[in-house]
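Architecture at a glance
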Amino acid sequence: MKLYIGQEIEEEDDVYIDASSARSILACGKRGTGKSYTLGNVVEEIHTETNDVVPLVIDPMGIYWTMAEENDDQRDLLWDWGVTEQGFPVNLLVPGDPEDRYGDDIVREFRSRGIDLNPLLLNPSDMSPDGWCDLFDLNINKPMGITLYRAIRELNEDDTPFYLPDIINKVEMDGSSSDRTKEALLNRLEMARDWDIFAGEYQDVWTTFDENRINVLDVSVLDPGQYGLRNLVVDVLGKELFRQRQDARRREEMGLRVEIPKVWLFIDEAHNFVPSGSSSLAKDMLIRWVKEGRQPGLSIVVASQQPSAIDSEVLSQCDITLCHKITTKEDIRSLDKLSQDYMGSNLKTYVRQIDNVGEAVFVDDDEETVQMVKIRPRKSQHGGGEA
Ligand SMILES: Nc1ncnc2c1ncn2[C@@H]1O[C@H](COP(=O)(O)OP(=O)(O)O)[C@@H](O)[C@H]1O
Ligand SMILES: [Mg+2]
């Protein structure tokens, strides 16, 4: 499978990403240089070129639903390129209840534009005892952390799904914790109920995803922060997809029937999820995805305006870089880490040659190639414009 991304700037040869196996891609560049736009291009290509790979976009700005609309703003440009404008089928995943998050009129408007809306809820039993303690920032060696850890571990032993009321019950019944500890913990669990993010009955991720649509998870409605709900949702979802694909891969290798498709995960503003120099709820999961995702068929595209703000393990594991214009010293310096011997000269030498928005240096570690690329115009509407 080849993904068409644009043309070599001087020769005007068509440029493709080889996606016959799983890839890890970094799209970087300063603000307004075309990262999110390029990410959208890759989403379009994945949707168009395959039936057995599902695109999932983690959307921190709430802008990717516009992929349902045709790119009307750039008609002339599309004409020049011989590309036809097109809206794509979008499945918009909304944490919690869509009506509560957006309001009735917006939900109606989305639906009238042909967008499917589905609530995405997390299964409390998909989270580990450690994960629960991290979420409330509890030390597992201190009373509250000990109590919560024990409660989740005991609930886990039954091997059946459990829910928030079960956790609350377990904590209330705990005979070895003080009343004060229990009360403080119960307050947090009650707070978690108000987040409106946990399922009351088990929800398999694949009942909310649509294999035939572009799945966009709008996390803009959740609080950001490295220990906030955005990170939580990405962490829990990512772990579950990873686990399911690992099982599926085992079956594929044995020639058994597999129903879980491969996934391309797209994360815009990725420094919020894999920050350098600090931790976050989703960080370990995403590092694992980048490092070990190839085997189970899990690809990833991360976009960020600050490569220096992205964890260096992620940077070094990416096998493709699409680097748009970068000017700050610190970020140019972080490109040194991405430079490879086969490039001839340093990556920053190439980046300095970029003149326009939508141009990028395309580095492919598998092919050992570097090309200056003019990224093709989008078929669908890009939603990143400023008001
Ligand atoms: N390949 C391209 N072709 C045409 N226009 C582009 C291209 N890339 C970016 N643009 C224009 O630049 C604007 C900013 O791009 P965007 O991807 O939102 O920037 P950022 O790097 O901040 O994510 C877009 O709204 C679009 O108009
Ligand atoms: Mg952007």
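Residues numbered from 1 in each chain as written. Chains lettered and ligands numbered in written order. Predicted model: local features only at pLDDT ≥ 70, side-chain atom pairs only at ≥ 80, totals over all residues.

Describing the UniProt feature "domain: Helicase HerA central" (unreviewed entry) in the protein chain
As annotated in UniProt, the feature "domain: Helicase HerA central" (unreviewed entry) corresponds to residues 4-225 in the numbering used here. Taken end to end, residues 4-225 is 40% helix and 17% strand, and its first and last C-alpha atoms sit 35 Å apart. (UniProt positions renumbered as here; feature names shortened; annotations may be inferred. Helix = DSSP H or I, 4+ residues; strand = E, 2+ residues; numbered from the N terminus.)

Description of the nonpolar core
Taken as a class, soluble globular proteins show a tendency for nonpolar side chains to be buried jointly. If you look at the biggest cluster of nonpolar residues, it comprises 97 residues, and the most contacted ones within it are Leu265, Phe266 and Val301. Residue-level mapping places this core at the junction of two domains, with at least three residues from each of domain 1 (1-36 + 57-71 + 210-222 + 230-246 + 264-273 + 300-387) and domain 2 (125-194). Excluding anything up to four places from it in sequence, Leu265 contacts Leu56, Ile58, Trp289, Leu298, Ser299 and Ile300. (Core = buried A, V, L, I, M, F, W, Y, C linked by C-beta atoms within 7 Å. Buried ≥ 20, exposed ≤ 12 C-beta atoms within 10 Å, placed from the backbone. Domains from an automatic or database assignment. Contact = placed C-beta atoms within 7 Å.)

What to know about the site of ligand 1
In the vicinity of ligand 1, 16 residues are found, and the nearest of them are Gly34, Ser36, Tyr37, Gly358 and Gly384. The biggest single contributor to the shell around ligand 1 is helix α1 (residues 35-49), with three residues. For the shell around ligand 1, the class distribution of residues is five nonpolar, nine polar and two charged. (Near = placed C-beta within 6 Å. Nonpolar A, V, L, I, M, F, W, Y, C, P; charged D, E, K, R; others polar.)

Regarding the packing of helix α6 (residues 143-157) against helix α8 (residues 179-194)
One can describe the packing of α6 onto α8 by two numbers: an axis separation of 9 Å at closest approach and a directional angle of 70°. It follows from the interaxial angle that α6 and α8 lie roughly perpendicular. Of the two elements, α6 crosses α8, and the hand of that crossing is right-handed. Note on element contacts: α8 touches α6 through Thr181, Lys182, Ala184 and Leu185, opposite Pro143, Met144, Thr147 and Leu148. For the contact of α6 with α8, the residue count by class is five nonpolar, two polar and one charged. (Axes fitted to C-alpha atoms, helices over the stretch in contact; angles between N-to-C directions. Parallel < 35°, antiparallel > 145°, perpendicular 65-115°, else oblique. Left-handed = near helix turned anticlockwise from the far one by under 90°.)

Focus on unusual backbone geometry
A positive phi is found at Glu12, a non-glycine position, where the angle reads about 60°. Its identity is not glycine, yet Glu368 carries a phi of approximately 55°, on the positive side. Relative to the helices and strands, Glu368 resides in the loop between β11 (359-364) and β12 (369-375). With 11 C-beta atoms packed within 10 Å, Glu368 lands in the exposed category.

Some thoughts on the pairing of β11
For β11, the tally of buried residues reaches five of six residues, placing the bulk of the element in the interior. Here strand β10 (residues 320-323) pairs with β11 via four bridges, running antiparallel. Note on β11: the bridge partner recorded for Ile320 is Asp364. As judged from the six bridges shared by β11 and β12, these two strands associate in the antiparallel manner. Note that in β12 the partner of Glu359 across the bridge is Lys374. (Pairing = 2+ DSSP bridges.)

Quick notes on the environment of Thr328
You can see Thr328 is positioned in the loop between β10 and α13 (329-334). We classify Thr328 as exposed; it has 12 C-beta atoms within 10 Å. Sequence separation between Thr328 and Gly29 is 299 residues; the distance between their C-alpha atoms is 9.9 Å.

Structural notes on the sheet that holds β11
Judged by pairing direction, the sheet is mixed, and its 12 strands sit side by side in the order β2-β1-β12-β11-β10-β3-β9-β8-β4-β7-β5-β6 without closing on themselves. Lying at the two open borders of the sheet, with one neighbouring strand each, are β2 (14-18) and β6 (116-120). In this sheet, neighbouring strand axes are inclined to one another by 25° on average, regardless of whether the strands run parallel or antiparallel. Inspection of the sheet shows strand β8 (residues 262-267) paired to strand β9 (residues 298-304) by five bridges, in the parallel sense. Paired with Leu265 across the strands is Ile300, a residue of β9.

Some words on the environment of Asp52
By the element assignment, Asp52 lies in the loop between α1 and β4 (53-59). Each residue touching Asp52, except ones within four places of it in the same chain, is listed here: Pro261 and Lys262.

Observations concerning α1
The first and last C-alpha atoms of α1 sit 21 Å apart over 15 residues, in line with the 21 Å expected at 1.5 Å per residue. Summarising burial for α1: 13 of the 15 residues are buried, a large majority. (Expected span 1.5 Å × (residues − 1).)

Examining the environment of Asn346
In this fold, Asn346 is placed in the loop between α13 and α14 (347-351). The exposure class assigned to Asn346 is partly exposed, which follows from the 15 C-beta atoms found within 10 Å. The spatial distance from the C-alpha of Asn346 to the C-alpha of Cys318 is 17 Å, given a sequence separation of 28 residues.

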